[in-house]
Amino acid sequence: MKILIPFFLLGCTFLPTHAQHTAKDAIFANYKLSGSNLCTYIEPVNVNYTDAPKGYKPIYLSMYARHGSRHLSVLKDYEEPLELLRKAYSKACLSTIGKRTMSVIDSLERMAHGRVGELTIVGARQHQGIARRIYEHFPELFSNNIHLDARSTPIQRTMMSMVNQCITLKECYPKLTVSSDASQHDVWYMDTQDAMAYKYRKTPESVKALKEYNKQMIKPHRFVHSIFTDEKFIQDNVNQNEFMLQMFTLANMPQNEGVNIDIYDIFKPEEILNLWKKDNFKWYVEYTFNPLTQNKVPYTQIHLLRNIITVADTCLLSPRNNITLRFGHEVDLLPLACLMRLSETAYESTNGDEVADHWRNYDFYPMAGNIQLVFYRKPNSPDLVKILLNEREQTLPIKSDTSPYYKWKDVRNYFLNILEKAPKE
């Protein structure tokens, strides 16, 4: 375990995960990747974007982004395991590892007190970095009386993510005009988590598959007995599965809190891998196109995709350049990427181990994860669009002589065809 040291200046840049041969290789090289939706943003390193076709210049950028790193959303997720550890300590039932762990969880709880679910300094800097790279990668966009319109769900972490991007872009280009809003008015398309979405995710087949896989992946006996030293205390007080999962969540939080703590050593490497595989399969089953949910869940994002199309059509008619920023959540970002059929999201299986070999959640919806559509124009030529997932160029199943640049009219028709196939229930 490392001592508590602020690392605000160190950032959260990781080596590209695709350089690793397997998920096991990647996670064993960097345990932070095991965090699933708690994984911090993997900043692009030495990105070489494909040059736009000759004569084309960017005129519009549209983005949907997840909020940046946050504290845990529920205070009891800190308090319950900490209370149990304190109780064991008072009864002299904590191991040396348990005592060290208790002190770390106490620190995490203190940092989150009064800030549950809120954006951390790490999250703020993630969105500042994304904004700076937009300015650096698309400098020609920032001209022609450019206007930025930003929208956020009315939650502190999404609103502050929006604020950090808007302020940074304004600092980069002072002539930028900005309008912003964070209202329940826009939630209907930016965060679609209604009864129908729950119904799509919780089919009998998905519930059964996840339950069976969880049994294979969650093996708490060794872990629990490394923390507590008294068998009777464990039997009387510890829900072993629940406690192991709580501690795994907390082990993944320091990367989001802005402190350099490492308590991954309370787990064996294979335990970390298996707990990640459990989470990876859950997110895959409940948010992507797959047989266990009848290939329906991504259609929860039809309103968001339609908004992207409609706003793009409007902005492309404008005489000035424009940016549209939307800030929401991973439960919308992931199914939106799948609905768009972005190249890296496509995979179908009902086997958790196979999914882990081909579909890795840390590539899709880390803290501050985002989808960017960058539109290009050349006089007397059709408008083109390029799509980025977490600032990585994507391909679409559309014919193009200039991939990853596609004619907007082709992409628009492709998206509209997807919307037409949405379930009618």
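Residues numbered from 1 in each chain as written. Predicted model: local features only at pLDDT ≥ 70, side-chain atom pairs only at ≥ 80, totals over all residues. Heavy atoms only, no water.

(A) Structural context of the confidence of the model for the protein. Chain-level statistics for the protein give a pLDDT mean of 93 and a share of 95% at 70 or above. Every residue in residues 1-20 is under pLDDT 50, and counting partners more than four places away or in other chains gives 53 contacts. (pLDDT = per-residue confidence, 0-100. Contact = heavy atoms within 4.5 Å.)

(B) Seen up close, the packing of helix H4 (residues 121-137) against helix H5 (residues 156-172). With their axes 8 Å apart at the nearest point, H4 and H5 run at an angle of 35° to one another. Of the two possible hands of crossing, H4 and H5 adopt the one that is right-handed. Of H5, the residues touching H4 (which contributes Ala124, His127, Gln128, Ile130, Ala131, Arg132, Ile134 and Tyr135) are Ser161, Asn164, Gln165, Thr168, Leu169 and Cys172. The class makeup of the residues in the contact of H4 with H5 is seven nonpolar, six polar and one charged. (Axes fitted to C-alpha atoms, helices over the stretch in contact; angles between N-to-C directions. Helix = DSSP H or I, 4+ residues; strand = E, 2+ residues; numbered from the N terminus. Left-handed = near helix turned anticlockwise from the far one by under 90°. Nonpolar A, V, L, I, M, F, W, Y, C, P; charged D, E, K, R; others polar.)

(C) Inspection of the packing of aromatic side chains at higher detail. Under the counting rule described, the total for this entry stands at 22 aromatic pairs. Considering the side-chain rings of Tyr49 and Phe138, the 6.3 Å spacing of their centres and the 10° angle between planes classify their relative orientation as stacked. Taken as a pair, Tyr49 in the loop between helix H1 (23-29) and strand E1 (57-66) and Phe138 in the loop between H4 and strand E2 (147-152) lie far apart in primary sequence, 89 residues in all. A relative accessible area of 18% places Tyr49 in the buried class. Exposure remark for Phe138: the relative accessible area of 2% places this residue in the buried category. Geometrically, the ring pair formed by Phe228 and Phe233 is tilted, given 5.6 Å between the ring centres and 40° between the ring planes. For the pair shown, Phe228 and Phe233 are each scored as buried. Three or more aromatic residues joined by ring pairs make a cluster, and in this case those are Phe223, Phe228, Phe233, Phe243, Phe248 and Phe267. (Phe/Tyr/Trp six-rings, centres within 6.5 Å; stacked < 30°, edge-to-face > 60°. Buried < 20%, exposed > 50% of the residue type's maximum accessible area, 1.4 Å probe, protein only.)

(D) Representation of the pairing of strand E5 (residues 370-377) in the model. When you tally the buried positions in E5, you get seven out of eight residues, the bulk of the element. Pairing between E1 and E5: eight bridges, direction antiparallel. Opposite Pro58, over in E5, you have Tyr376 as the bridge partner. Where E5 meets strand E6 (residues 384-389), six bridges bridge the pair, whose relative direction is antiparallel. When the sheet's bridge partners are listed, Val374 is paired in E6 with Lys386. Counting the residues between successive antiparallel strands, the hairpin from E5 to E6 contains six residues, one of them, Asn380, with a positive phi of roughly 65°. (Pairing = 2+ DSSP bridges.)

(E) Inspection of the state of the cysteines at higher detail. Going through the model one piece at a time under the given rule, you end up with zero disulfides. Here Cys315 is not cross-linked by a disulfide; its sulfur's nearest cysteine counterpart is in Cys166, at 14 Å. (Disulfide = S-S within 2.5 Å.)

(F) Region of interest: a nonpolar patch on the surface. A cluster of nonpolar side chains, namely Met160, Val163 and Ile167, defines an oily patch on the protein surface of about 220 Å² accessible area. Position of Met160 relative to the elements: it lies in helix H5. (Patch = residues over 30% accessible without salt bridge, like charges linked within 9 Å, V, L, I, M, F, W, Y side chains within 5 Å. Areas by Shrake-Rupley, 256 points an atom, 1.4 Å probe, with all protein chains shown as cover. Salt bridge = Lys/Arg side-chain N within 4 Å of Asp/Glu carboxyl O.)

(G) Quick peek at helix H14 (residues 302-316). End to end, H14 covers 21 Å across 15 residues, agreeing with the expected 21 Å (1.5 Å per residue, within 8%). Leu304, Leu305, Asn307, Ile308, Ile309, Ala312, Cys315 and Leu316 are the residues of H14 that are buried. (Expected span 1.5 Å × (residues − 1).)

(H) Main features of the pairing of E1. Within E1, nine of the 10 residues are buried, which leaves the element mostly enclosed by the surrounding structure. Of the strand pairs in this sheet, E1 and strand E4 (residues 322-328) are connected by seven bridges, and their pairing is parallel. Each bridged residue has a counterpart across the sheet, and for Tyr60 the counterpart in E4 is Asn322.

(I) Structural detail: the pattern of salt bridges. Enumeration over the complete set of coordinates arrives at 18 salt bridges. A salt bridge links Asp106 to Arg86, with the shortest nitrogen-to-oxygen separation between them at 2.6 Å. You can see Asp106 sitting in helix H3 (residues 96-112) and its partner Arg86 sitting in helix H2 (residues 76-90), a full 20 residues away along the chain. By relative accessible area, Arg86 is classed as partly exposed at 41%.

(J) Summary view of the environment of Tyr189. With respect to the helices and strands, Tyr189 occurs in helix H6 (residues 187-190). Residues Tyr189 and Arg132, spaced 57 residues apart in sequence, show a C-alpha to C-alpha distance of 27 Å. Engagement of the side chain of Tyr189 in a polar contact is seen with the side chain of Asp186, the distance being 3.2 Å. (Polar contact = N/O pair within 3.5 Å; in protein donor to acceptor, adjacent residues only side chain to side chain.)

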